[in-house]
Amino acid sequence: MNGRIVAVFGNMVVAETTGRVTQNAVGYCTRSDGARLLSEVIRIRGRLADLQVFEETRGLRVGDVVEFQDQMLSASLGPGLLGQVYDGLQNPLHQLAEQTGFFLKPGVYIDALSADRKWTFTPTVKAGATVRAADTLGTVPEGIFAHHIMVPFTTEGDWKVARIAAAGDYTIHDEIAVLKDASGAERPVTMVQAWPVKRALSVAKRRLMPDEPLVTGVRIIDSMFPIVRGGTYCIPGPFGAGKTVLQQITARYAEVDIVVVAACGERAGEVVETLRTFPELEDPRTGRSLMERTIIICNTSAMPVAAREASVYTAVTLAEYYRQMGLNILLLADSTSRWAQALREVSGRLEEIPGEEAFPAYLESRIASFYERAGAIELADGRIGSVTIGGTVSPAGGNFEEPVTQGTLKVVGAFHGLSRARSDARRYPAIDPLDSWSKYVGIVDPAKVTRMGRILRQGNDVKQMMAVVGEEGTSIEDFTVMLKAEFFDNVYLQQNAFDAVDAATSAERQQFVFDKILEVVELDFGFTDKDVARQTLVTAQDLFRNWNYAAWQAGEFKKILGQIEAFIAAKGRTAA
Ligand code: ADP
Ligand code: MG
């Protein structure tokens, strides 16, 4: 069905149609030189359809034809997604760069998945078997995973496998099975299927309560403000506080199978940086490139606003697809503020009634429905898969009292607020231990976390008070609490991302070290002199800091453990 453009403004066009157009349907705006520009219907008013164009609209004119499609903006799902760098519309950027120079030419779209590459298929069902949506028909090896080729997710009810391909090499477009329903209707199946990105993809026996800790290796997260598989969290922080570095650390060390990064950069340089850094990161699990189990969706603010808006949906759809294979996926969105700005721009062009700070009134519901796509599910055959979503927020001036941060805080399960004061003091990761919170239970007994949290708070109170009354005006008891809080912060909450050992700490080690620190912190030193107190805690700090750099259970680790035990036994008196 076709329509004609009646108005063009910015990245939007208004088209007049004669037939029925559906919300979120895809349309191609056809320029006089033949270029077909991808767009999406975002509002229908009688015979008028408002479309956002995912391209520069320069050259489009009133009267130009719009071809409306039946399908909605969709992602291609199949083997070959891992290791790819896509833009928000799933154009592979490396290939784009080769074909068109680094810039996207309007109207140039490249298949998300290679049509030529052969995959070694092993069938797992026989002809005659009864199958339903998302059941596995066979697998192909993709990197370190068995990529499941599944019954199309849009299939309804029971189908019989009429034919299944023999083991062998096939492209994604080769027919690998034919399904037949009760009426005898046939449906051919290939290794690739499409799914509308704005609709959640979840074919499951049931949704699980997310409660399995997702160990990231970052101590302040895992021990104090944990996240879980299938849960959600957000990292708000001012510019330069370490959001991107923190996401890179988690991408590398978090105990998940696949990482999907939605990079909506503040500046073009930032995304280029991500693209350059990731392939160089080594996967601690395989020793090979981290990219082999990563997918990057990237946008810069230079790309059209609608493509930026689409990118987080594309990213979460790819994550959901791999969840259907029983895998654990971590989706990192950096930064969701850029995405929200895209929503704001689109809303402004539609002349909708603006809400707070000119964001659309539906901002919160959009944020909520994005994070709701996280979750742990049990598949039909009992396997479990999860999508965990972590999003950064970059509020202007680092002020968390703004709509995107507030809208996100209402829906996420954990909040890792980065503080300018901590990043300025180079206390990395700059997660503020007084502001942050988590609703999840992690690897450390919550009662112990509470005890430690109380000491941090008391220590902070003393520090504030001391700034007024000075050290002399502070009691030795208060002074000791302050030193203990500082000690915990220095040797545990802070972590050196650039040290091979300290960069990531296993769950087992965190539990062990946390208990030792709690022993020190709850020790009654009986200090009578502030200098002695300070000296003693400095000694403890040196011991624990060196301990952080010693490999878990290695000789050096055990040696230092012996020294720590002696220190505790003597209440710090004999240690020198
Ligand atoms: P943001 O994304 O919040 O703007 P970045 O993640 O780009 O900030 O961090 C800015 C700079 O701060 C980095 O280039 C790095 O020098 C420093 N930094 C951030 N986090 C760490 C860390 N965990 N360890 C050491 N340096 C860090
Ligand atoms: Mg950043």
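Nothing here was measured: the structure is a model prediction, and the numbers come from that model.

Caption draft 1: Quick look at the sheet that holds strand β9 (residues 119-123). Pairing is antiparallel in the open sheet, where four strands are placed in the order β12-β11-β9-β14. Two strands close off the open sheet at either side, each with one partner strand: β12 (145-150) and β14 (168-170). When strand polarity is set aside, the average angle formed by the axes of neighbouring strands in this sheet is 40°. With three bridges joining them, β9 and β14 adopt antiparallel strand pairing. Along β14, the bridge assignment pairs Thr120 with Asp169.

Caption draft 2: Up close: the nonpolar core. Of all hydrophobic cores here, the largest spans 78 residues; its most connected members are Leu137, Ile176 and Tyr322. Take this core: its biggest share by element is eleven residues, from helix α5 (residues 305-323). Dropping the residues within four chain positions of it, Tyr322 is found in contact with Gly78, Leu81, Leu82, Glu142, His147, Ile258, Ile295, Leu327 and Ile329. The next biggest cluster of nonpolar side chains, apart from the first, holds 77 residues, and it includes Val259, Val261, Leu483 and Val513.

Caption draft 3: Structural detail: the packing of helix α12 (residues 507-521) against helix α14 (residues 555-569). Here α12 crosses α14 at 25°, and the two axes come no closer than 10 Å. When the interaxial angle is binned, α12 and α14 end up roughly parallel. Between α12 and α14 lies a crossing of left-handed hand. In contact with Arg509, Phe512, Lys516, Glu519 and Val520 of α12, α14 contributes Phe557, Leu561, Ile564, Glu565, Phe567 and Ile568. Here the contact of α12 with α14 is built from residues that sort into seven nonpolar, no polar and four charged.

Caption draft 4: Highlighting a nonpolar patch on the surface. A surface patch of nonpolar side chains, amounting to about 270 Å² of accessible area, comprises Met465, Val468 and Val469. Structurally, Val469 is set in helix α10 (residues 446-469). Overall, the relative accessible area of 41% leaves Val469 in the partly exposed class.

Caption draft 5: Spotlight on the packing of aromatic side chains. Under the criterion given, the structure shown has 21 aromatic pairs. Consider the rings of Phe153 and Tyr321, whose centres lie 6.1 Å apart with planes at 75°: the pair is edge-to-face. A residue pair is termed long-range when its members are at least 10 positions apart, and Phe153 in the loop between β12 and β13 (159-164) and Tyr321 in helix α5 qualify at 168 residues. Assigned by exposure class, Phe153 and Tyr321 land together as buried. Ring centres of Phe512 and Trp547 lie 6.0 Å apart, and the angle between their planes is 55°; on these two criteria the pair is classed as tilted.

Caption draft 6: Highlighting the site of ligand 1. Around ligand 1 sit Pro238, Phe239, Gly240, Ala241, Gly242, Lys243, Thr244, Val245, Tyr428, Ala497 and Phe498, and that is every residue in its neighbourhood. One of the backbone N or O atoms of Gly240 is found 2.6 Å from an oxygen atom in ligand 1. Separating an oxygen atom of ligand 1 from a backbone N or O atom of Ala241 is a distance of 3.3 Å. Protein contact buries 75% of the 560 Å² of open area that ligand 1 shows by itself. In terms of residue class, the shell around ligand 1 is built from seven nonpolar, three polar and one charged.

Caption draft 7: How the structure looks around the pairing of strand β11 (residues 136-142). Judged by how many residues are buried, β11 sits mostly within the fold: six of seven residues are covered. Note that β9 and β11 share two bridges and pair antiparallel. When the sheet's bridge partners are listed, Thr122 is paired in β11 with Thr139. Note: β11 against β12, six bridges, orientation antiparallel. Paired with Gly138 across the strands is Ile149, a residue of β12. Between β11 and β12, which follow one another and run antiparallel, lie two residues, and Gly143 among them has a positive phi close to 60°.

Conventions and cut-offs
- Residues numbered from 1 in each chain as written.
- Chains lettered and ligands numbered in written order.
- Predicted model: local features only at pLDDT ≥ 70, side-chain atom pairs only at ≥ 80, totals over all residues.
- Heavy atoms only, no water.
- Pairing = 2+ DSSP bridges.
- Helix = DSSP H or I, 4+ residues; strand = E, 2+ residues; numbered from the N terminus.
- Axes fitted to C-alpha atoms, helices over the stretch in contact; angles between N-to-C directions.
- Core = buried A, V, L, I, M, F, W, Y, C linked by side-chain atoms within 4.5 Å.
- Buried < 20%, exposed > 50% of the residue type's maximum accessible area, 1.4 Å probe, protein only.
- Contact = heavy atoms within 4.5 Å.
- Parallel < 35°, antiparallel > 145°, perpendicular 65-115°, else oblique.
- Left-handed = near helix turned anticlockwise from the far one by under 90°.
- Nonpolar A, V, L, I, M, F, W, Y, C, P; charged D, E, K, R; others polar.
- Patch = residues over 30% accessible without salt bridge, like charges linked within 9 Å, V, L, I, M, F, W, Y side chains within 5 Å.
- Areas by Shrake-Rupley, 256 points an atom, 1.4 Å probe, with all protein chains shown as cover.
- Salt bridge = Lys/Arg side-chain N within 4 Å of Asp/Glu carboxyl O.
- Phe/Tyr/Trp six-rings, centres within 6.5 Å; stacked < 30°, edge-to-face > 60°.
- Near = heavy atom within 4 Å.
- Polar contact = N/O pair within 3.5 Å; in protein donor to acceptor, adjacent residues only side chain to side chain.

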